[in-house]
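# Understanding the architecture of this molecule
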Amino acid sequence: MFIDDTIAAISTPVGEGGIGIVRMSGKDSLSIAEKIFRSFKGKNIRDMKSYTMMYGFIIDPKTNEKVDEVIISYMKAPNTYTREDIVEINCHGGVVAVKKILSLVLQNGARLAEPGEFTKRAFLNGRIDLSQAEAVIDLIRAKTSESMHIALEQTQGKLSSKIKDIMNRLLGILAHIEASVDFPEDDIENVVSSKIIKDSREIINDIEYLIKNAETGKILREGLNTSIVGKPNVGKSSLLNALLEEKRAIVTDIPGTTRDVIEEYINIRGIPVKIIDTAGIRETEDIVEKIGVEKSKEYIEKSDLIIFMVDSSRPLDDEDYEIIQLIKHKKVIVVINKIDLPLAIDLDVIKSNFKEENLVFASINTEKGIEDIKQKIEDFVFSGEVKSKDIYVTNVRHKDILFKAKESINKGIETIELGLPLDIASVEYKDAYLKLGEITGDTAAEDIIDRIFSDFCIGK
Ligand SMILES: Nc1nc2c(c(=O)[nH]1)N(C=O)[C@@H](CNc1ccc(C(=O)N[C@@H](CCC(=O)O)C(=O)O)cc1)CN2
Ligand SMILES: Nc1nc2c(ncn2[C@@H]2O[C@H](COP(=O)(O)OP(=O)(O)OP(=O)(O)O)[C@@H](O)[C@H]2O)c(=O)[nH]1
Ligand SMILES: [K+]
Ligand SMILES: [Mg+2]
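In the nomenclature of an unreviewed UniProt entry, the protein chain is known as tRNA modification GTPase MnmE of Thermobrachium celere DSM 8682. UniProt, in the comment section headed Subcellular location (unreviewed entry), describes the protein chain in these words: "Cytoplasm".

See below:
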């Protein structure tokens, strides 16, 4: 594929800031820059070495007026982000300078880049594969350093190399099948069949391992939706504030204080958690509170995890039982709050409805139990296993592909076990291979690729 035009965009956020960058990529980058740049020392930017900078001014060639004082950096193809010539104009931050310089660059031969087009070129020019490109956007959007670490590893090809390894092993199986079809003696076929089944099972194991981690990966990429639910006044908003370490929600001793849902992002041990404080659930005639209660119920459905809070200083009542019914089918951490007060709750009822390992005894007012709650959230995300430097599939698209590839391989095994001719099985192995190629981009259709890059920001 040959890309002819030179693209340009503002690569820094538009707004007040120290420095703004207008980036160009393509074979005309340097000659376009030459038309609008005047070096302070009278040097020619054509003599710039790759990965160096030069100080000077952007001049509007039509009026000969100075537009901004800048530093230009030059990166020579092919050792660049896009594998093309790149020129970056580092100008003063703020909206005016970057916009003026961008428009000068466009008037002088560049085309405005589409969202993600720099990264798309890196992909089309073969510097990175599709899953590495997808990770670039995750890197930008990462909400915790943990998520960022995983995205960075993925941009460096950690997932791709695993996928490529599996694809190579599938090619090995296909080669075996082809060879045995050429020599169709029964005994050879039997040896080949059992070898293929053994290899297939190993591949399936590897795929299942990736799928198993994908739930965690998705949470690290997208965040864990967690709702705090319970009767009025049990201390839900107090818990939100404690986790946020700020007085975000109003806390009073009046039941029904929180009437609308409150959403906040918190970093809990590297996990991006979207925490939702809800209106206490109860029967009410108050029209505002009633809507709040309905919303609380909706949020229960949308949540990955529920923090169900009860007041240990009061016996459970019908309202608690009703909430227990509402959350029965969800993953739940039960926080038994206010243990600083005399105990009145029937713990047996709690224990008969929830696993002991999911209970936390707390007194939010005296800061007891908060670390326990964080630990339970971490255990939930990592299924109680130690966080290792695993490969995490973070992207639902990748996970779906892995599922389909696994299905095809399973069908391949079935076909062989039924004693059908090996070339029938080879269709399944080819399918699995082509599916996995959609992760790396080797076999992804153009519309899939376009959709992925259109989700990027301008200038990336
Ligand atoms: N100013 C600036 N900062 C930036 C970027 C950029 O485009 N411009 N990046 C954009 O996202 C990131 C850096 N990403 C990069 C990724 C690959 C290559 C690259 O292709 N490097 C060459 C080797 C460089 C060398 O020769 O020393 C290569 O791999 O061949 C460069 C930057 C973050 N910081
Ligand atoms: N003794 C004691 N009181 C607590 C504790 N946690 C919260 N409270 C008090 O319980 C009352 C209700 O707390 P909130 O955080 O407003 O409770 P809530 O569940 O958000 O209430 P609603 O929004 O009305 O549903 C406040 O007076 C808190 O100070 C605790 O651990 N011990
Ligand atoms: K309250
Ligand atoms: Mg509240």
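That covers the picture; the talk isn't over yet.
### What about the pairing of strand S8 (residues 224-230)?
Most of S8 sits out of view: six of its seven residues are buried. As paired strands, S8 and strand S10 (residues 271-277) are joined by five bridges and run parallel to one another. Paired with Thr-226 across the strands is Ile-275, a residue of S10. Sheet analysis places S8 next to strand S11 (residues 305-311), joined by five bridges and oriented parallel. Note that in S11 the partner of Ile-228 across the bridge is Ile-307.

### Let's talk about the packing of aromatic side chains
Two descriptors summarise a pair of aromatic rings, namely the distance from one centre to the other and the angle between the planes of the rings. Tallying each qualifying case throughout the model produces five aromatic pairs. An angle of 40° between the planes, with centres 5.9 Å apart, marks the rings of Phe-308 and Phe-354 as tilted. With a gap of 46 residues between them, Phe-308 in strand S11 and Phe-354 in the loop between helix H11 (347-353) and strand S13 (359-361) connect regions that are remote in the sequence. Of the two residues examined, Phe-308 and Phe-354, each falls in the buried class. The rings of Phe-40, Tyr-55 and Phe-57 are connected pair by pair, giving a single aromatic cluster. Cation over ring: Lys-66 sits above Phe-57, and NZ or CZ is 4.1 Å from the ring centre.

### Observations regarding the site of ligand 2
In the vicinity of ligand 2 lie 23 residues, with Lys-236, Ser-238, Gly-256, Thr-257 and Thr-258 positioned nearest. Take Ser-363: an N or O atom from its side chain is 3.4 Å from an oxygen atom of ligand 2. Summarising the interface, the protein chains cover 90% of the accessible area of ligand 2, which totals 650 Å² for the free molecule. Element by element, the count of residues in the shell around ligand 2 is highest for helix H8 (residues 236-244), at three residues.

### Section: a nonpolar patch on the surface
Side chains of Phe-40, Met-53, Tyr-55 and Ile-71 sit close together on the surface and give an oily, nonpolar patch of about 410 Å² of accessible area. Its place among the elements puts Ile-71 in strand S5 (residues 65-75). Note on Ile-71: relative accessible area 34%, which makes it partly exposed.

Reading the values: rules and limits
Residues numbered from 1 in each chain as written. Chains lettered and ligands numbered in written order. Predicted model: local features only at pLDDT ≥ 70, side-chain atom pairs only at ≥ 80, totals over all residues. Heavy atoms only, no water. UniProt positions renumbered as here; feature names shortened; annotations may be inferred. Buried < 20%, exposed > 50% of the residue type's maximum accessible area, 1.4 Å probe, protein only. Helix = DSSP H or I, 4+ residues; strand = E, 2+ residues; numbered from the N terminus. Pairing = 2+ DSSP bridges. Phe/Tyr/Trp six-rings, centres within 6.5 Å; stacked < 30°, edge-to-face > 60°. Lys NZ or Arg CZ within 6 Å of the ring centre and 35° of its normal. Near = heavy atom within 4 Å. Polar contact = N/O pair within 3.5 Å; in protein donor to acceptor, adjacent residues only side chain to side chain. Areas by Shrake-Rupley, 256 points an atom, 1.4 Å probe, with all protein chains shown as cover. Patch = residues over 30% accessible without salt bridge, like charges linked within 9 Å, V, L, I, M, F, W, Y side chains within 5 Å. Salt bridge = Lys/Arg side-chain N within 4 Å of Asp/Glu carboxyl O.

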